[in-house]
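Read off the chains here:
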Amino acid sequence: MDFSDYKGIYVIAEVRDGKVEKVTGELLGQARKLAEKTGDPVEAVILGSGVKERAQDLIAYGADVVYVMESPLLAHYDGMAYEKELGALLKEKKPSAILFAATPYGRDLAPRIASAVVCGVTADVTELSVDEKTGLIVWSRPAMGGNIMADIISPQYRPQVGTVRPSTFDLPEADASRKGSVVEVPVTLTEKDLGTILKEIIPAPKEENPIEEAQIIVAGGRGIHSEEEWAQLHELADLLGGSVGASRPICELGWEPHSAQIGQTGKSVAPHIYFAFGISGAMQHICGVKADIMIAVNRDKNAPIMEMADYAVTADLKDFLPAFIAEVKKIQEK
Amino acid sequence: MKILVCVKQVVDTSKMEVDPNTGRLNRNGANSILNPCDKNALEAALQLKQQTGGTVTVITMGPPQAGAVLLESVSMGADDVYLITDRAFGGADTLATSYTLAAAIRKLGNDFDLIFCGQESIDSNTAQVGPEVAAMLGIADVSAAVGFQWQDGKAIVTRQVGEGCEVLELHLPAVVTAAPALNTPRYPSVQGILRKYETEIHQLTAVDLDVEPERIGLKGSPTQVRGIRPVVPPKKENLKIEDQAPAEAAAALAEALAKVNVI
Ligand SMILES: Cc1cc2nc3c(=O)[nH]c(=O)nc-3n(C[C@H](O)[C@H](O)[C@H](O)COP(=O)(O)OP(=O)(O)OC[C@H]3O[C@@H](n4cnc5c(N)ncnc54)[C@H](O)[C@@H]3O)c2cc1C
Ligand SMILES: Cc1cc2nc3c(=O)[nH]c(=O)nc-3n(C[C@H](O)[C@H](O)[C@H](O)COP(=O)(O)OP(=O)(O)OC[C@H]3O[C@@H](n4cnc5c(N)ncnc54)[C@H](O)[C@@H]3O)c2cc1C
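Here the structure is a predicted model, which is why all the values come from computation and not from measurement. Positions within a chain are numbered from 1, following the residues in the order the chain's sequence is written. Chain letters and ligand numbers both follow the written order, the letters beginning at A and the numbers at 1. In view of the model being predicted, local features appear only for residues whose pLDDT reaches at least 70, and side-chain atom pairs are presented and counted only at 80 or more, with totals across whole chains, interfaces and linings using the full set of residues. Each side-chain value is worked out from all heavy atoms of the structure, with water and hydrogens disregarded.

(A) Highlighting the overall build of chain A. Only DSSP runs of H or I reaching four residues or more are called helices, and only runs of E reaching two or more are called strands; each is numbered from the N terminus. Helix and strand content of chain A: nine helices and 18 strands. Relative to the compact-globule value of 20 Å for 334 residues, chain A shows a C-alpha radius of gyration of 22 Å, a close match. C-alpha atoms of chain A, sized along the principal axes, occupy 65 × 50 × 40 Å. When each of the 334 residues of chain A is scored for burial, the buried share is 57%. What makes two residues a contact is simply this: any of their non-hydrogen atoms within 4.5 Å. Within chain A, counting contacts between residues at least 6 apart in sequence, those at least 24 apart form 62% of the total. Only the protein chains shown count as cover for residues, and the accessible areas themselves come from Shrake-Rupley with a 1.4 Å probe. When the accessible area of chain A is evaluated, it comes to approximately 14,100 Å², of which 49% is carbon and sulfur surface. Throughout, the radius of gyration refers to the C-alpha atoms, and the reference size of a globule is 2.2 Å times the residue count to the power 0.38. Here's how the labels work: a residue is buried when its accessible area is under 20% of the maximum for its type, exposed when over 50%, partly exposed in between, all with a 1.4 Å probe on protein chains only.

(B) Structural view of the overall build of chain B. Scanning chain B from N- to C-terminus turns up six helices and 15 strands. Relative to its length of 263 residues, chain B is extended, with a C-alpha radius of gyration of 23 Å against a globular reference of 18 Å. Each principal axis of the C-alpha distribution contributes one length, and for chain B these read about 70 × 45 × 40 Å. Relative to its full complement of 263 residues, chain B shows a buried share of 51%. The contacts of chain B with a sequence gap of at least 6 include a subset with a gap of at least 24, amounting to 72%. Surface exposure of chain B reaches about 11,800 Å², of which carbon and sulfur atoms provide 49%.

(C) Seen up close, the packing of aromatic side chains. Ring geometry is summarised as follows: Phe, Tyr and Trp rings, the Trp one being its six-membered ring, pair when their centres sit within 6.5 Å, and such pairs are stacked at plane angles under 30 degrees, edge-to-face over 60 and tilted between the two. According to the stated counting rule, one finds nine aromatic pairs over all chains in the structure shown. Aromatic rings pair up to connect A:Phe275, A:Phe277, A:Phe320 and A:Phe324 into one cluster.

(D) Molecular detail of unusual backbone geometry. Each neighbour pair has its own omega, and for A:Arg158 with A:Pro159 the value is -10°, a cis peptide bond. Relative to the helices and strands, A:Pro159 is located in the loop between β10 (148-153) and β11 (160-164). For the peptide bond that leads from B:Leu172 to B:Pro173, omega is -5°, which places it in the cis range. Summarising the element assignment, B:Pro173 is placed in the loop between β11 (164-170) and β12 (174-178). Non-glycine residue A:Asp124 carries a positive phi angle of around 50°. Of note, A:Asp124 is situated in strand β7 (residues 121-125).

(E) Representation of helix α1 (residues 36-52) of chain B in the model. Residue and element names in this part refer to chain B. If you check α1, its first and last C-alpha atoms are 25 Å apart, about what 17 residues at 1.5 Å a residue would give, namely 24 Å. Listing the buried residues of α1 in full gives Cys-37, Asp-38, Asn-40, Ala-41, Leu-42, Glu-43, Ala-44, Ala-45, Leu-46 and Leu-48. Once α1 ends, the next one or two residues include Gly-53, with phi positive near 75°. One less than the number of residues in a helix, times 1.5 Å, gives the span that helix is expected to have.

(F) Molecular detail of the interface of chain B and chain A. Each side of the interface is counted separately: chain B has 78 residues, and chain A has 81 residues. When the two sides are added together, the surface that chain B and chain A hide from each other amounts to roughly 6,700 Å², 58% of it contributed by carbon and sulfur. By definition, a salt bridge exists where a carboxyl oxygen of Asp or Glu is found within 4 Å of a side-chain nitrogen of Lys or Arg. Summed over the shared surface of chain B and chain A, the number is six salt bridges. Whenever two N or O atoms come within 3.5 Å, that pair is a polar contact, provided that in protein one can donate a hydrogen and the other can accept it, and provided that, for residues adjacent in sequence, both atoms are side-chain atoms. Along the contact surface separating chain B from chain A lie 27 residue pairs in polar contact (both at pLDDT 80 or more). Listing elements by their share of the side of chain B that touches chain A, those giving two or more residues are β3 (17-18), α4 (129-137), β9 (140-151), β10 (154-161), β11, β14 (224-230), β15 (239-241) and α6 (246-259) of chain B. Ranked by residues supplied to the side of chain B that touches chain A, first place goes to α6(B) with 11 residues. Across the side of chain B that touches chain A, the residue classes tally to 40 nonpolar, 18 polar and 20 charged. Values labelled buried area give the accessible surface lost by two parts on being combined, using a 1.4 Å probe and summing over both. Side-chain classes follow a simple rule in which Ala, Val, Leu, Ile, Met, Phe, Trp, Tyr, Cys and Pro form the nonpolar group, Asp, Glu, Lys and Arg form the charged group, and the remainder, Gly included, forms the polar group.

(G) How the structure looks around the site of ligand 1. Residue and element names in this part refer to chain A. Looking at ligand 1, there are 26 residues lining it, with Ser-247, Ile-262, Thr-265, Ser-280 and Asn-298 nearest. A distance of 2.9 Å separates an oxygen atom of ligand 1 from a polar atom in the side chain of Gln-284. For ligand 1, whose free accessible area comes to 980 Å², the fraction covered by protein is 82%. If you list the elements that add at least two residues to the shell around ligand 1, you get α6 (248-253) and α7 (283-286). By residue class, the composition of the shell around ligand 1 is seven nonpolar, 14 polar and five charged. Definition of nearness: a residue and a molecule or strand are near each other if at least one heavy atom of the residue lies within 4 Å of the molecule or strand.

(H) Examining the side chain of B:Arg215 more closely. Turning to its location among the elements, B:Arg215 is positioned in the loop between β13 (201-204) and β14. For the buried B:Arg215, no salt bridge exists, and the shortest N-O distance to an oppositely charged side chain is 6.0 Å, to B:Glu212. The residues contacting B:Arg215, other than those within four sequence positions of it, are A:Val118, B:Leu95, B:Ala96, B:Tyr99, B:Met136 and B:Gly220. When charges are counted, Lys and Arg contribute as positive and Asp and Glu as negative, whereas His and the chain ends are disregarded.

So, in structure tokens, the structure goes:
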């Protein structure tokens, strides 16, 4: 098949509360890396209401061209409306590849676009590369409960599409002086094109230190046996300037809100430092952790987490935690 | 109200693990089960039927043995069930799966007011089939619903976005994919279990559906799994602190972390 008229690595920007989400920058960084190998331009599409001013943000992160689709009817994500407008643009532009954020919106929009454009989508990609021989993008994703990694390609169809979870890739340095072009695309939507009417937004309780942005995460699991002991994790997190995370059983006990849960059914985090206190290291937990340095404390030296950790301490937390906090205080006072 | 539920038979991945020494995926005798959040989808459909009357139809695409998840659906309360099965459907990715499901929905009259899917399967968990089916039918959808209410003739759906929620009125017909938090699925009833033995599983094959041969099965699947590799838990050069009293272990760790400026 001849795909020579399919050009450009596209990133679909994610906007919330009028701001470009961090994940969009991460995707643009990856798009640039792919583009260096394939020789494609990097192009971004931003849909919403009052988003034109944000185009330069996308250029700063690596877009060469930004398509802007403005309409009050695009102010909130609606699968039908977004598919109609974005689908029409993509059919006309024929991208070689498209990256969506694997957020609640992106995970709904990417498959809708796939049906409209007739192409494949690789879901929740965690590794991206270009096959040297064919120039195809290789989209890698965990499957089977995180036990395997699947390498997926789309040789017979264009565009090649994937969704990528936030915090999977590093945010590139923004370069405010970078130049690119901004193209306004007319939007023809009417009320009739909408599939939903937004009735209400129930805001989240404001989190003080959201774990997805934390550089240091002090996480605990079932190895901590009482709420009083659990409070020590907060004390330690405060000392280190970090946030508290938890395995699922802890959130089920109600010691931490669901927003602190890390793993397959919780959040993906990418801190510099990850403390795992009394966490066994189940795949469903660990698949959400990408840390530069992992420290595990567990009384079982054969717990799976001990193999993965850079620092593995075999100790009983009941005695270890208070002693460790005292040591940290001692060092900090120096 | 005519309600449809799409269900999938999956391998119970919670039983599987990768052997860190051989790198092999160990199935540990994992069974095939009804995908967990498809039970939430079915529960939502059954509750809606209790409220508005009507029928709940359940479909699955898969090999003949996938009929088991249809019978399980009957035991929970489904009215009629269809197995979409043909060798030609084999090897489908989500696009080909959705294309085939959409063709089956058209074949069944395309007059469903609501179509419920699970949010995602536990074996390949792409969460793509629901929105793809909706787009193929040209109708609305809401993914990963954590709330569903039928109020004054309107479908009110809640979806979680970040830590907050959006409450949406959904224009019908539409697809709703069910998150695990949507409801608590019922257990099969005795009546249901008895009915299971009398229920006929209707079959639909490729010739029964209006499908283009190049859009189904492996051929109609843009994504190709080029290879799979087991995720072997990574082994790192590490500092191990063992067989020490807690106070000494704590001091040793604190000292090591101070060296790399963590403390
Ligand atoms: C579909 C699915 C999705 C899931 N999603 C998630 C998810 O998002 N996040 C998640 O975390 N889990 C998830 N789980 C659950 C996951 O499989 C594990 O059950 C869970 O992560 C285990 O939590 P844990 O490590 O705290 O507890 P355990 O596995 O019980 O481990 C406790 C550890 O503490 C140690 N310990 C006990 N006492 C002490 C002590 N006094 N001092 C020191 N060490 C001690 C033990 O040796 C053990 O290693 C999911 C499961 C399924 C099936
Ligand atoms: C390792 C591996 C990785 C894969 N990665 C991808 C990928 O990235 N992209 C891709 O397009 N395909 C992928 N596939 C193929 C994909 O698993 C199949 O297309 C599968 O038929 C449906 O995908 P899913 O299980 O992810 O469904 P999901 O979209 O997660 O399922 C959501 C819901 O859709 C409904 N549903 C799904 N399948 C059926 C069915 N057969 N019959 C009735 N209802 C159904 C159910 O209600 C289900 O709960 C992969 C397969 C493997 C083995």
